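Understanding the architecture of this molecule
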Amino acid sequence: MARRSRTKTPIAEQKPKVRNSNFNEVCLGYTIEEGQAEAIRCLQCKDAPCIKSCPVMIDIPGFILAIKEGNMQEAAEILSSYTNLPAICGRVCPQEKQCEQVCKLGMAKNFEPVAIGKLERLVADWALENQDFSKLSQSDQPKIGRVAVIGSGPSGLTVAGDLAKLNYEVIVYEALHDSGGVLTYGIPEFRLPKRIVKKEIESIKALGVTIETNVVVGKTITMDELRSEFDACYISVGAGAPNFMGISGTALNGVYSSSEYLTRINLMHSYEFPKYDTPIKRSQQVVVIGGGNVAMDAARCAKRLGAEHVSIVYRRSLEELPARIEEYHHSVEEGIEYHWLTNPIEYIDNGNGDLSGVKCIKMELGESDESGRRSPVPIKNSEFIIEADTVIEAIGQGSNKVLLSTFPELKLTKWGYIEADPKTGETSIPGVFAGGDIVTGAATVILAMGAGKVAAVQIDNYVQEKMKTPVTTKV
Ligand SMILES: Cc1cc2nc3c(=O)[nH]c(=O)nc-3n(C[C@H](O)[C@H](O)[C@H](O)COP(=O)(O)OP(=O)(O)OC[C@H]3O[C@@H](n4cnc5c(N)ncnc54)[C@H](O)[C@@H]3O)c2cc1C
Ligand code: SF4
């Protein structure tokens, strides 16, 4: 038998100098043969730790064995029994901090873990190409009940898919004109092609889920109306309201929030202006503030729009960078520069109300904060200026208040997120469940999905229980 390779099977990617001027996907994915070569590396551990560190507990050795045996259909069926969005998770999950981090092969000296994410993506893409979702079976039995889902991001889509599989009528209400949440308006095409997101959403609709777009719950329709019309509600409105540094010069032309910048590009296709109506500034010198996936995405978009010089200003060091390591490496290959241990203190006006530079201060790391990371402390007299015509703030998002402010009965945490039991998704109001970023604060796709899976089971229990004890009013 061939020796088990120490390293992951290489995967094709667009070359950095080619891809940094287009929005096409960077990673081209495994062929089936490459996937089988990688699948052979899996040890098929009996007590597989990779399963336990996956928030939706996918049978990882099971689907990898099916790939190894050349049975893609079986691999796809295993995946779809755990996750409704495998093509998305295979692309954007931080596997290096989850399943791949604990992979037993990766624990062996000089061995890399199995490329679990890339194998998941291979199977999911195969299924999207080869399965006819219109033939998915929908039960002709009377529906068990009606559930309203608010927000069509990964959390809402997961609840909707799981409840539809359990024979519920599910209507998803989405504020934007397109569904998918951050998958559609936040994560760029070169990491997550929108045709993949659309296909995954089509497969959820094929289960019988209805998605109504352009409905802002709290304005177009109230929570009270939904509660009287449905047996239960699931709130998954995400954490999409941008935070700002609040430093002098924020109102200058050329200062963007990452939410605006990325929404213009991803949702409104401004990178294809004038084919699409929405414009975007074509910048030369761009500074992005922050160190998460959002900052990487904004910087790499700016480069692709033709900026000569793009740098990321981050107040800590590479060690603390919260972004996915793969995305950091990709950004460096594409020519993005980094100012570590640096923080902006002022945006400079060119005299006409336009940005001309970002005044920064150097930082050093002090004591550890609540998150366990060492807090950055400014170094006196270390100010310097980075020339810039555009700055994009990617320093985090908070909860959007549109729905919450019209539903004051719902208990919130001190940070303004919905208080919900992580084991059940139950909120302070019976029949109203919540999950995803609106409960945890900005987190990850798979955690939002995990919360959705948990809540779907609990919503089913709740409705079944309610059916046994008839009541005159709903929820
Ligand atoms: C730019 C960017 C890059 C990211 N990259 C990664 C990554 O690489 N890997 C990863 O795992 N995670 C990543 N994340 C985080 C991840 O996308 C989120 O954790 C995840 O999308 C949260 O899912 P959700 O369903 O809770 O909310 P969301 O995806 O935010 O969806 C919420 C939906 O609710 C809608 N909504 C809001 N208010 C209302 C209302 N009142 N009525 C109706 N609808 C409403 C919104 O329009 C939105 O469509 C990234 C986030 C961003 C912003
Ligand atoms: S831990 Fe790694 S080697 Fe073991 S089953 Fe999971 S993927 Fe395979």
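Residues numbered from 1 in each chain as written. Chains lettered and ligands numbered in written order. Predicted model: local features only at pLDDT ≥ 70, side-chain atom pairs only at ≥ 80, totals over all residues. Heavy atoms only, no water.

Looking now at the overall build of the chain. Helix and strand content of the chain: 18 helices and 18 strands. Relative to the 2.2 N^0.38 estimate, which gives 23 Å for 475 residues, the radius of gyration of the chain is 23 Å and therefore close to what a compact globule would have. A principal-axis box enclosing the C-alpha atoms of the chain has dimensions of 70 × 65 × 50 Å. Across the 475 residues of the chain, 53% fall into the buried class. (Helix = DSSP H or I, 4+ residues; strand = E, 2+ residues; numbered from the N terminus. Rg over C-alpha atoms; globule rule 2.2 N^0.38 Å. Buried < 20%, exposed > 50% of the residue type's maximum accessible area, 1.4 Å probe, protein only.)

Quick look at the UniProt feature "domain: FAD/NAD(P)-binding" (unreviewed entry) in the chain now. The UniProt record marks residues 146-452 with the feature "domain: FAD/NAD(P)-binding" (unreviewed entry), using the residue numbering of this structure. Overall, residues 146-452 shows 27% helix and 24% strand. The separation of its end C-alpha atoms is 16 Å. (UniProt positions renumbered as here; feature names shortened; annotations may be inferred.)

The full set close to ligand 1 counts 35 residues, and V92, E174, R191, V217 and D437 are the nearest of them. Within the contact set of ligand 1, a nitrogen atom lies 2.9 Å away from a backbone nitrogen or oxygen of V217. Listing elements by their share of the shell around ligand 1, those giving two or more residues are α9 (154-165), α14 (293-304) and α18 (445-468). When the residues that make up the shell around ligand 1 are grouped by side-chain class, the tally is 19 nonpolar, twelve polar and four charged. (Near = heavy atom within 4 Å. Polar contact = N/O pair within 3.5 Å; in protein donor to acceptor, adjacent residues only side chain to side chain. Nonpolar A, V, L, I, M, F, W, Y, C, P; charged D, E, K, R; others polar.)

Further remarks concern the site of ligand 2. Within the structure, ligand 2 sits among C42, L43, C45, A48, P49, C50, P61, C103, K104, V114 and I116. Looking at the shell around ligand 2 residue by residue, the classes come out as ten nonpolar, no polar and one charged.

A few words on the domain arrangement of the chain. Parsing the chain into structural domains produces domain 1 (12-131), domain 2 (136-240 + 399-468) and domain 3 (245-396). Computed over C-alpha atoms, the centres of domain 2 and domain 3 are 31 Å apart. In this assembly, twelve residues from domain 2 lie in contact with 13 residues from domain 3. Interface of domain 2 and domain 3: buried area, both sides summed, is about 1,100 Å²; carbon and sulfur atoms make up 60% of it. It is Y185, F190 and R191 that lose the most area in domain 2 upon contact with domain 3, and together they represent 50% of the buried surface on that side. (Domains from an automatic or database assignment. Contact = heavy atoms within 4.5 Å. Buried area = accessible area lost by both parts, 1.4 Å probe.)

Let us look at the packing of aromatic side chains. Tallying each qualifying case throughout the model produces nine aromatic pairs. On the basis of an interplanar angle of 20 degrees and a centroid distance of 4.1 Å, the ring pair of F23 and Y271 is categorised as stacked. Of the two residues, F23 is situated in the loop between α1 (16-19) and β2 (27-29) and Y271 in the loop between α13 (258-267) and β9 (285-289); the sequence distance between them amounts to 248 residues. Just as F23 is buried, Y271 falls in that class too. Seen from their ring centres, Y256 and Y261 are 5.2 Å apart, and the 75 degrees between their planes marks the pair as edge-to-face. Taken together, the ring pairs connect Y314, Y328, Y338 and W340 into an aromatic cluster. Above the ring of F230, the side-chain terminus of R146 is found at 4.3 Å from the ring centroid. Positioned above the aromatic ring of F190 is the side chain of R304, whose terminal nitrogen or guanidinium carbon lies 3.8 Å from the ring centre. (Phe/Tyr/Trp six-rings, centres within 6.5 Å; stacked < 30°, edge-to-face > 60°. Lys NZ or Arg CZ within 6 Å of the ring centre and 35° of its normal.)

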